[in-house]
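So you can see what is in the structure, the chains are spelled out below.
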Amino acid sequence: MLNYSRLLRASFRIRNSIRSSTVTNSINFHTNHAILGIETSADDTGCAIINDKGELLAESLHSQNLMHLRNGGIIPDVAQDLHKAYIEPIVSETLIKAKLSMEEISAIAVTLQPGLPLSLVVGMKYAKHLSRRHNKPIIPIHHMEAHALVARMHHNITFPFLVLLISGGHCLLAVVQDVNHFQLLGQSIDSAPGEMFDKLSRRMKLRNVPEYSTVSGGQAIEMAASKATNPHTFKLPLQLAEYKDCNFSFNGLKTAVLLQLHKKEKEHQIVADQLIPEVNDLCAAMLMATSRHLVHRTQRAMEFCHQNNLIPEGKKQLVVSGGVACNNFIFNALTMLCNEFNYSIYRPLPKLCTDNGVMIAWNGFEKWRKGLDIVTDIQKLDIQATSPLGESLIHQVVQSKIPTKLIKIKLSI
Ligand code: KG4
Ligand code: ZN
């Protein structure tokens, strides 16, 4: 708690220093339209500004990662307090970096769904405050849509495309027909891959290794797996192998890893802070099992898209996004699938795969230029903790009963 209050005090200092420097800041008169994006759906306070050419003018991010690593997960009211402390300094800092005043902003894009209610509400209230004070419209943003669309910022990806969103809170497959037209093909029936990585990394005590102590669970597992000497020591089952749909499940895999871990802990009489000697191999096995599951479901999604002409034959594109998309093992496995099925594969830059303000500003920019969801009557806008992505085609996928023989994946550890 000591560090937490120190953090809060530090943020007030940043806030004051930013306030005093705003007065002397120069103004850029060359920008016609600029969208300011705000993200506070979980544990990152993000802001970014994108101009009318889709160029990023500035971005700022405050991550609460270290605090939540120490607490063993996000504690919603701690996350809310930190968002409250950082929202104003982060937005002010972004405006300063972009050399813009709020008067030069055309609209405020803000994540309103899905996410932690206590976190979402901070972004919404601040966006409404800016909207009222400066008379600007609000563009409401769906967090998962923003993850999907941000890949278009740096790559020439045209509609429609297939997207696999893998993060700490979600796992889903969808066809993106347009900025506001998503068709959901499958989603997790229990937990998300990032959530599984975070929990298992903690249980395997990876945090006790200094080089993993400040990174996310998923990153720690990737780093440990890269040191595996015998990655085939552990055999983990393919999840939902018998289900001919595009849904995902990670609870069974988590339990299978825990069973192997308990067995090894007993065998080596592991006590207190010690890690099992085979921890790197176990991490590698876990990444392989996760990759095989993700590839299997994506392969069926590609077959479903082919059968239903959802993706044009001449332009087959897969976008992988969300925090877990940073993982190179997983991305390489998906690349093998794409090579087999003639898809081009894309992912945003790593810092744009994890939560950030840029993806919200980008989604705002995509909606702005198409005249979509530009809300002036902001009173009615509200947050939504859960919110399905687009129209569901899950039933049609299930009915299609597509038999999918998983392609051979050679994972280089
Ligand atoms: O998209 P994101 O920042 O937040 C959510 O919307 O959930 O994703 C965070 C998740 C965390 O669970 C983290 O462990 C995971 O992404 N992650 C990774 C890697 N980097 C972050 N998982 C696997 N490998 C990585 N390199
Ligand atoms: Zn996210």
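Residues numbered from 1 in each chain as written. Chains lettered and ligands numbered in written order. Predicted model: local features only at pLDDT ≥ 70, side-chain atom pairs only at ≥ 80, totals over all residues. Heavy atoms only, no water.

Engineer: When you look at the side chain of Gln 80 in this model, what are you seeing that I'm missing?
Structural biologist: Secondary-structure assignment places Gln 80 in helix H3 (residues 76-98). Note on Gln 80: relative accessible area 11%, which makes it buried. (Helix = DSSP H or I, 4+ residues; strand = E, 2+ residues; numbered from the N terminus. Buried < 20%, exposed > 50% of the residue type's maximum accessible area, 1.4 Å probe, protein only.)

Engineer: When you look at the site of ligand 1 in this model, what are you seeing that I'm missing?
Structural biologist: Neighbouring residues of ligand 1: 21 residues in total, closest Gly 168, Asp 198, Glu 222, Asn 327 and Asp 355. Between an oxygen atom of ligand 1 and a side-chain N or O atom of His 143, the distance comes to 3.4 Å. Within the complex, the protein chains bury 88% of what would otherwise be the 550 Å² of accessible surface of ligand 1. Here the shell around ligand 1 gets 4 residues from one element, more than from any other, and that element is helix H7 (residues 217-225). (Near = heavy atom within 4 Å. Polar contact = N/O pair within 3.5 Å; in protein donor to acceptor, adjacent residues only side chain to side chain. Areas by Shrake-Rupley, 256 points an atom, 1.4 Å probe, with all protein chains shown as cover.)

Engineer: Explain helix H12 (residues 358-370) to me, please; I cannot follow it from the model alone.
Structural biologist: When the terminal C-alpha atoms of H12 are compared, their 18 Å separation across 13 residues agrees well with the 18 Å that a helix rising 1.5 Å per residue should span. Counted residue by residue, H12 has 10 buried out of 13 residues, so it is predominantly covered. Two residues or fewer after H12 comes Gly 371, characterised by a positive phi angle close to 70°. (Expected span 1.5 Å × (residues − 1).)

Engineer: Before we go on, may I ask you to explain the packing of helix H9 (residues 279-307) against helix H10 (residues 328-341) in this structure?
Structural biologist: Two packed helices can be described by the angle between their axes and the distance between those axes. As a packed pair, H9 and H10 sit with axes 9 Å apart at the nearest point and diverge in direction by 30°. On the basis of their axis angle, the class for H9 and H10 is roughly parallel. Considering only the axes of H9 and H10, their crossing is right-handed. Between H9, through Leu 287, Thr 290, Ser 291, Leu 294, Val 295, Thr 298, Gln 299, Met 302 and Glu 303, and H10, the contact on the second element is made entirely by Phe 329, Ile 330, Ala 333, Leu 334, Leu 337, Cys 338 and Phe 341. Along the lines of polarity and charge, the residues of the contact of H9 with H10 split into 11 nonpolar, 4 polar and 1 charged. (Axes fitted to C-alpha atoms, helices over the stretch in contact; angles between N-to-C directions. Parallel < 35°, antiparallel > 145°, perpendicular 65-115°, else oblique. Left-handed = near helix turned anticlockwise from the far one by under 90°. Contact = heavy atoms within 4.5 Å. Nonpolar A, V, L, I, M, F, W, Y, C, P; charged D, E, K, R; others polar.)

Engineer: Can you help me understand the sheet that holds strand E5 (residues 138-142) in this one?
Structural biologist: In a beta sheet, neighbouring strands are held together by backbone hydrogen bonds and run either parallel or antiparallel to one another. Spatially, E3-E2-E1-E4-E5 is the arrangement adopted by the 5 strands of the open sheet, whose pairing is mixed. Edge positions in the open sheet fall to strand E3 (56-63) and E5, since each of these has one partner strand only. Strand-to-strand twist of the sheet, defined as the mean angle between neighbouring strand axes without regard to direction, takes the value 20°. Helix H4 (residues 117-134) contacts strand E1 (34-39), strand E4 (107-113) and E5 of the sheet and is inclined by roughly 155° relative to E4. (Pairing = 2+ DSSP bridges.)

Engineer: Help me out: how do you make sense of the coordination of the zinc ion (ligand 2) in this one?
Structural biologist: Four donors placed tetrahedrally around a metal ideally meet at 109.5 degrees, and six donors placed octahedrally ideally meet at 90 or 180 degrees. For the zinc ion (ligand 2), every protein donor is listed as His 143 (NE2), His 147 (NE2) and Asp 355 (OD), and the spread of their distances is 2.1 to 2.2 Å. Because the angles between the 4 donor atoms bound to the zinc ion (ligand 2) fall within 92 to 148°, the donor set is best described as irregular. Mapped onto the polypeptide sequence, the residues donating to the zinc ion (ligand 2) form the spacing pattern H-x3-H-x207-D. Taken together, the residues span a long stretch of sequence, with His 143 in helix H5 (residues 143-149) and Asp 355 in the loop between helix H11 (350-353) and H12 at a distance of 212 residues. Grouping residues by exposure puts His 143 and Asp 355 together as buried. (Donors = N, O, S within 2.8 Å, 3.2 Å for Na, K, Ca; no water. Tetrahedral: all angles 85-135°; square planar, octahedral: opposite > 155°, others 65-115°.)

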